[in-house]
Amino acid sequence: MAIRLGDVAPNFTADTTEGPIDFHAWKKGSWAVLFSHPRDFTPVCTTELGYTAKLKGEFAKRNCKVIGLSVDSVADHRRWLSDIEETQGTAVNFPMIGDPDRKVSLTYDMIHPNADNTFTVRSVFLIDPNDKVRLTITYPASTGRNFDEILRVLDSMQLTDKHKVATPVNWKHGDDVIIVPSVSNEAAKELFPGGWNEKKPYLRVVPQPR
Ligand code: BEZ
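Now for a quick tour of the structure. Sequence order as written defines residue numbering, which begins from 1 separately in each chain. Reporting in this predicted model follows two pLDDT cut-offs: at least 70 for local features of residues, and 80 or more for side-chain atom pairs to be given and counted; totals over whole chains, interfaces and linings ignore these cut-offs and use all residues. Computation of side-chain values: all heavy atoms of the structure, hydrogens and water removed.

**Here we look at the site of the ligand**
Phase 1 of the analysis: If a single non-hydrogen atom of a residue is within 4 Å of a molecule or strand, that residue counts as near it. Near the ligand you find Arg39, Thr42, Pro43, Val44, Cys45, Arg122 and Ala141, and these make up its full shell.
Phase 2 of the analysis: A 3.5 Å cut-off defines polar contacts: any pair of N or O atoms within that distance qualifies, except that in protein one atom must be a possible hydrogen donor and the other a possible acceptor, and neighbouring residues in sequence count only when both atoms are side-chain atoms. Within the side chain of Thr42, a nitrogen or oxygen atom sits 3.0 Å from an oxygen atom of the ligand.
Phase 3 of the analysis: Residue Arg122 places a side-chain N or O atom 3.0 Å away from an oxygen atom belonging to the ligand.
Phase 4 of the analysis: Using the Shrake-Rupley algorithm and a 1.4 Å probe, accessible areas are obtained, with residue cover drawn only from the displayed protein chains. Summarising the interface, the protein chains cover 79% of the accessible area of the ligand, which totals 270 Å² for the free molecule.
Phase 5 of the analysis: The element contributing the most residues to the shell around the ligand is helix H2 (residues 43-54), with three residues.
Phase 6 of the analysis: Considered class by class, the residues forming the shell around the ligand number four nonpolar, one polar and two charged. Numbering of helices and strands runs from the N terminus; a helix is a DSSP stretch of H or I covering at least four residues, while a strand is a stretch of E covering at least two. For this classification, Asp, Glu, Lys and Arg are treated as charged, while Ala, Val, Leu, Ile, Met, Phe, Trp, Tyr, Cys and Pro are nonpolar and the rest, including Gly, are polar.

**Things to note about the environment of Val74**
Phase 1 of the analysis: Mapped onto the elements of the fold, Val74 is located in helix H4 (residues 74-88).
Phase 2 of the analysis: Given a relative accessible area of 7%, Val74 falls into the buried group.
Phase 3 of the analysis: We call two residues in contact when some of their heavy atoms are within 4.5 Å. Ignoring sequence-local partners within four residues, the contact set of Val74 consists of Asp15, Thr16, Thr17, Met96 and Gly98. Buried residues are those whose accessible area, probed at 1.4 Å on protein chains only, stays under 20% of the maximum for their type, while exposed residues exceed 50% and partly exposed ones sit between those limits.

**Quick look at the pattern of salt bridges**
For side chains bearing opposite charge, pairing can occur when the charged atoms are close.
Phase 1 of the analysis: Whenever Lys or Arg places a side-chain nitrogen within 4 Å of a carboxyl oxygen from Asp or Glu, that contact is recorded as a salt bridge. Counting across every chain of the model gives twelve salt bridges.
Phase 2 of the analysis: Residue Arg122 pairs with Glu48 through a salt bridge whose shortest N-O separation is 3.0 Å. Taken as a pair, Arg122 in strand E6 (residues 122-127) and Glu48 in helix H2 lie far apart in primary sequence, 74 residues in all. The pair Arg122 / Glu48 is uniform in exposure class, with both members buried.
Phase 3 of the analysis: In this structure, Asp128 engages Arg134 in a salt bridge whose closest nitrogen and oxygen atoms are separated by 3.1 Å.
Phase 4 of the analysis: Relative accessible area serves as the criterion here: at 6%, Asp128 is assigned to the buried category.
Phase 5 of the analysis: A single salt-bridge network, built from bridges that share partners, covers Glu58, Lys61, Arg62 and Asp155.

**Examining the packing of aromatic side chains**
Phase 1 of the analysis: Centre distance within 6.5 Å is the pairing criterion for rings of Phe, Tyr and Trp, where only the six-membered ring of Trp is used; planes under 30 degrees apart are then read as stacked, over 60 as edge-to-face, and the remainder as tilted. The full count for this structure, using the stated rule, is seven aromatic pairs.
Phase 2 of the analysis: Taken together, a centroid distance of 4.7 Å and an interplanar angle of 10 degrees make the contact between Phe12 and Phe23 stacked. Here the residue Phe12 occupies a position in the segment before strand E1 (13-16), and Phe23 occupies one in helix H1 (residues 23-27), the gap between them amounting to eleven residues.
Phase 3 of the analysis: On the basis of relative accessible area, Phe23 is assigned to the buried category, the value being 0%.
Phase 4 of the analysis: Centroid distance Phe23 to Trp26: 6.0 Å. Interplanar angle 20 degrees. Geometry classified as stacked.

**A look at the pairing of strand E3 (residues 31-36)**
Phase 1 of the analysis: Summarising burial for E3: six of the six residues are buried, a large majority.
Phase 2 of the analysis: Side chains Trp31, Val33 and Phe35 project from E3 onto one buried face, and the interleaved Ala32, Leu34 and Ser36 project onto a second face that is buried too.
Phase 3 of the analysis: Think of it this way: DSSP has to see at least two bridges between two strands before they count as a pair. Bridge analysis of E3 against strand E4 (residues 64-70) gives six bridges, and the strand direction is parallel. Its bridge partner being in E4, Val33 is matched across the sheet by Val66.
Phase 4 of the analysis: Pairing of E3 with E6, which is carried by four bridges, proceeds in the antiparallel orientation. Following the sheet pairing, Ala32 is matched in E6 by Ile127.

**A few points about the sheet that holds strand E11 (residues 203-206)**
Strand pairing in a sheet relies on backbone hydrogen bonds, with the paired strands running either antiparallel or parallel.
Phase 1 of the analysis: In space, the four strands of this open sheet follow the order E8-E9-E11-E10, with antiparallel pairing throughout. At either end of the open sheet lies a strand with only one pairing partner, and these are strand E8 (165-166) and strand E10 (197-200).
Phase 2 of the analysis: The pairing of E10 with E11 spans three bridges and is classified as antiparallel. Paired with Glu198 across the strands is Arg204, a residue of E11.

Okay, here's the thing in C-alpha cells:
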C-alpha cells in the first residue's frame, strides 16, 4: 500500500550506523527526511550521501533531521563511510539504516519490482513534526537527486504552516509568495497589514514573510 501525502509515517525500529532507533522517538518534535538509495559502494549514492552530509547544518537550521536507508547491512554501510569521506570530502554525519530484511523498505514501498526486484529506488519522504508525510519523491537508481530542492520544499512548507502563504513556480527563498486561497480578504488584512498585489482575486502576491 503506497504511502500518501497526509498519512502518518509508519513507525519502525531499525539498526543504524548510529545505533538502534525507534523512528518516531528519534524524530520526535522535528521534521525528518527519510531517503533510500539503491546500494552501498555505488557511485551515484556516494555523491548523494556526501552532499547531504554537507547540507546537515541547513537541515538542522530548519529543525529537520536526515536519515538514509538501503537494503545493505549496517556493517556494509560502516565499511563504505570512509570511501564517502575520502571522495566527497565530508564524513556522513547522519544515521544510515541497515535494512537487509527489507522491513522498512517494504513498509515504505521503496522497492519497485518492475524497476529492480532487489534494491530500493531513490525514495524521499519529508515528514513533519506531527509525523505526517508532507512530500514523497521517487527517482530511478541512475539519477542522483537534488537535495537543495528538498530544502527548498521544506522552506515552502514551513512558510505555509506559519504564514498561510503558498510558493509559486520556481520560487526561491526570498522571492514573493502567494496568499493561500483559503484565507479571505478580510483575514488577509490582519495577516498582511502591508497589503498585497491582487493580480486576480485568486492570485494575491505578497513579499515573503520573514
Ligand atoms: C549508483 O548509485 O551509482 C547506482 C546504483 C544502482 C544503479 C545505478 C547506479
